[in-house]
Amino acid sequence: MKKSGMYIIALAAVIAITAGCVYWYNSATAELDNPTTAVPATESTTAATEAPTEATEKAEEKNEPIFTLENYPKVDASLAIHPLVDSIAADFLGVDESELNFEYTTTRSSEVYHNLIDGKVDVIFAAEISEEDKEYAKQQGVELNIIPATSSAFVFIVNTENPVDDLTFEQIQKIYTGEITNWSEVGGDDGEIIPYQRPTGSGSQTAMLSLVMKDKEIMTPPTSQVQGDMGELIDAVAEYDNAKNAFGYSYFYYVNTMYKRDTIKMISVDGVAPTIETIKNGEYPIYTNGFIVTRANDDNANTAKWVEAVLSERGSKIIEDAGYVPVN
């Protein structure tokens, strides 16, 4: 090959190398000027920029505490509402329920009302007030503010061995007036009906009289058939020697959640079974409420704040998440 040809080849190589360097320089400069076109994201950068996790979103959406232990009002509650009041306190205080150490009245609703009327507590969450407790408030010169806050079903229970699954409202009335005394009269086996009751002044007895018996007089039961504690009544229906013949009543949440027993069942009334759905849509015929109650002359700002918060959208969510049914 002639020398002139070698020079031409060498020159071409130099030009190519120079052009490549210029192209690399321009590309690098463009990347620096426009970072979004830089190297593809690695796995770590993808993780850092992806959407927040569900846990993160929930943490961001969590409501801030609205009380401290020092300014939280004194609250008492009927037995069937204790779990709900704990859930409310945990949310409003921003703590876990295991950190709470509240003391509630664990017997009859009447004692809960007396605690409020006597000024021992600021607010109560309770079943319907009895006529006796209304009279007690009147005697003490205390006016009460009574506000519906939860919806509930008043339910009737039998042992699972009892073939009866449904009764009419009228049949239930007649059982408790003493007109119907044998299960065979309402489609069951031949056997005496043992209708249990609660003591006067208890929330469930007050509901039984006002919601079910209405203008009919309830029979006076033998002492052995009056159960002081709601759990004792359920146990009597579930475990008593003649449990198959037993009949009793309570609140839906208490039977379905708090004191659930494998050997009892809630019966339908007029063909409608008590469920959260039938309570919400009003199909179940024996409907009642849980009430927030305060003293009308209470000027405690924290009490008013608590009531307002329970009745708010936040409070309704707490009620629903706890397995109860809010009124709104």
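The rules behind each value
- Residues numbered from 1 in each chain as written.
- Predicted model: local features only at pLDDT ≥ 70, side-chain atom pairs only at ≥ 80, totals over all residues.
- Heavy atoms only, no water.
- Helix = DSSP H or I, 4+ residues; strand = E, 2+ residues; numbered from the N terminus.
- Buried < 20%, exposed > 50% of the residue type's maximum accessible area, 1.4 Å probe, protein only.
- Contact = heavy atoms within 4.5 Å.
- Areas by Shrake-Rupley, 256 points an atom, 1.4 Å probe, with all protein chains shown as cover.
- Polar contact = N/O pair within 3.5 Å; in protein donor to acceptor, adjacent residues only side chain to side chain.
- Salt bridge = Lys/Arg side-chain N within 4 Å of Asp/Glu carboxyl O.
- Axes fitted to C-alpha atoms, helices over the stretch in contact; angles between N-to-C directions.
- Parallel < 35°, antiparallel > 145°, perpendicular 65-115°, else oblique.
- Left-handed = near helix turned anticlockwise from the far one by under 90°.
- Nonpolar A, V, L, I, M, F, W, Y, C, P; charged D, E, K, R; others polar.
- 1 Å grid on protein atoms, 1.4 Å probe; cavity = no way out; pocket = protein on both sides within 12 Å on 5 of 7 lines; lining within 4 Å.
- Points joined across faces, edges and corners; volume = space filled by probe spheres on them.

A. Examining the overall build of the protein more closely. On a plain count of helices and strands, the protein comes out with 13 helices and 10 strands. Per-residue burial over the protein gives 43% buried out of 328 residues. Residue pairs at least 24 apart in sequence account for 73% of intrachain contacts in the protein once pairs closer than 6 positions are excluded. Put simply, the protein shows about 18100 Å² of open surface, and 52% of that area lies on carbon and sulfur atoms.

B. The side chain of Asn162, seen in detail. Looking at the element boundaries, Asn162 is found in the loop between strand 3 (144-159) and strand 4 (166-167). Within polar-contact distance, the side chain of Asn162 engages the backbone oxygen of Lys244 at 3.1 Å. In contact with Asn162, other than residues within four places in its own chain, are Trp183, Lys244 and Lys265.

C. How the structure looks around the pattern of salt bridges. Applying the stated criterion across every chain, the model contains 7 salt bridges. With its nearest N and O atoms 2.7 Å apart, the salt bridge here joins Arg314 to Asp91. A residue pair is termed long-range when its members are at least 10 positions apart, and Arg314 in helix 13 (residues 313-321) and Asp91 in helix 4 (residues 82-93) qualify at 223 residues. Under the relative-accessibility criterion, Arg314 is labelled buried at 19%.

D. Spatial organisation of the environment of Glu161. Structurally, Glu161 is set in the loop between strand 3 and strand 4. Linking Glu161 and Ala238, residues 77 residues apart in sequence, is a C-alpha distance of 9.7 Å.

E. Structural view of the packing of helix 4 against helix 13. Closest axis-to-axis distance for the helix 4/helix 13 pair is 9 Å, and the angle between their directions is 135°. Here helix 13 runs oblique to helix 4, going by the angle between their axes. Viewed along their axes, helix 4 and helix 13 form a crossing whose handedness is right-handed. Taking contact as the criterion, the partners of Leu84, Ser87, Ile88, Asp91 and Phe92 in helix 4 are, on helix 13, Arg314, Ile318 and Ile319. Of the residues belonging to the contact of helix 4 with helix 13, the class tally is 5 nonpolar, 1 polar and 2 charged.

F. Focus on empty space enclosed by the protein. Applying the stated rule across the entire model yields 2 cavities of 30 Å³ or more. Size it by volume and the second largest cavity reaches roughly 60 Å³. Contributing to the lining of the second largest cavity are Ser151, Ser152, Ala153, Phe252, Tyr253, Ile279, Gly323, Tyr324 and Val325. Of all the secondary-structure elements, those providing two or more residues to the lining of the second largest cavity are strand 3 and helix 10 (252-258). If one sorts the elements of the lining of the second largest cavity by residue count, strand 3 sits on top with 3 residues.

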